[in-house]
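Coordinate analysis (summary)
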Amino acid sequence: MPEARQEPMRLLRKCIVENLPKGFEETMSYGMIGYVVPHAIYPGGYHADPDLPLPFLNIASQKNHIAFYHSGLYADPEIKEWFVKAYKAQVTTKLDMGKSCVRFKNPKHIPYGLLGELCKKINVSDWIRLYENQIRK
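Residues numbered from 1 in each chain as written. Predicted model: local features only at pLDDT ≥ 70, side-chain atom pairs only at ≥ 80, totals over all residues. Heavy atoms only, no water.

**Side note on the packing of aromatic side chains**
- Following the criterion strictly, the structure yields six aromatic pairs and no others.
- A ring pair is formed by phenylalanine 24 and phenylalanine 56, whose centres lie 4.5 Å apart and whose planes are at 20 degrees; its orientation type is stacked. One end of the pair, phenylalanine 24, is in the loop between α1 (3-19) and β1 (25-29); the other, phenylalanine 56, is in strand β3 (residues 54-61), and 32 residues separate them in sequence.
- On the accessibility criterion, phenylalanine 56 (0% relative accessible area) is buried.
- In this arrangement the basic side chain of lysine 121 is found over the ring face of tryptophan 82, its NZ or CZ atom lying 4.3 Å from the centre. (Phe/Tyr/Trp six-rings, centres within 6.5 Å; stacked < 30°, edge-to-face > 60°. Helix = DSSP H or I, 4+ residues; strand = E, 2+ residues; numbered from the N terminus. Buried < 20%, exposed > 50% of the residue type's maximum accessible area, 1.4 Å probe, protein only. Lys NZ or Arg CZ within 6 Å of the ring centre and 35° of its normal.)

**Notes on the pairing of β3**
- With respect to burial, β3 is a largely interior element, seven of its eight residues being buried.
- Sheet topology places β3 next to strand β4 (residues 66-70); five bridges connect them, and they run antiparallel. Looking at β4, one finds that leucine 57 is bridged to histidine 70.
- Count of turn residues in the β3/β4 antiparallel hairpin: four residues. (Pairing = 2+ DSSP bridges.)

**Re the sheet that holds β3**
- Reading across from one edge, β1-β2-β3-β4-β5 is the order of the five strands in this open sheet, with antiparallel pairing throughout. Only two strands of the sheet have a single neighbouring strand rather than two, namely β1 and β5 (101-104). Each adjacent strand pair in this sheet contributes to an overall mean axis angle of 25 degrees, direction not counted.
- Alignment of β1 against strand β2 (residues 32-37), held across five bridges, turns out to be antiparallel. For methionine 28, the partnering residue across the bridge sits in β2 and is isoleucine 33.
- Strand contacts of helix α4 (residues 112-120): β3, β4 and β5, with the helix running at about 20 degrees to β4, the strand carrying the most contacts.
- Across the sheet, helix α5 (residues 124-136) lies against β2 and β3, angled at about 100 degrees from β3, the strand it touches most. (Axes fitted to C-alpha atoms, helices over the stretch in contact; angles between N-to-C directions. Contact = heavy atoms within 4.5 Å.)

Everything listed is a geometric property; what it means functionally is a separate question.
Structure (structure tokens):
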């Protein structure tokens, strides 16, 4: 990882660990730091590969950006709407976001406080419910 990304990634991980509700487990998944619902809580695992725990959040240093993947942004329209509004109110740079990925091309613009708030919004039980509702569609 480039030296310029090491401290922002460390701070991002710290932000997540301090704010993510109990029950999620930190792991390496898909070559990224991931936060999952372990099989001990959700034995069925991820529907695409039941051997894997249920994914929730990942962070990565990609080629051109730092990526923050939050599955709740994709699964819960109210949380996505809240996040988009809060981002625009708190951050001066344009939001660069896909379905569940927020990209930060300049690590100086990572809104750690806002991402911490986002982490608190979905607990393990909420995530399992949202996930199961999504895969039934």
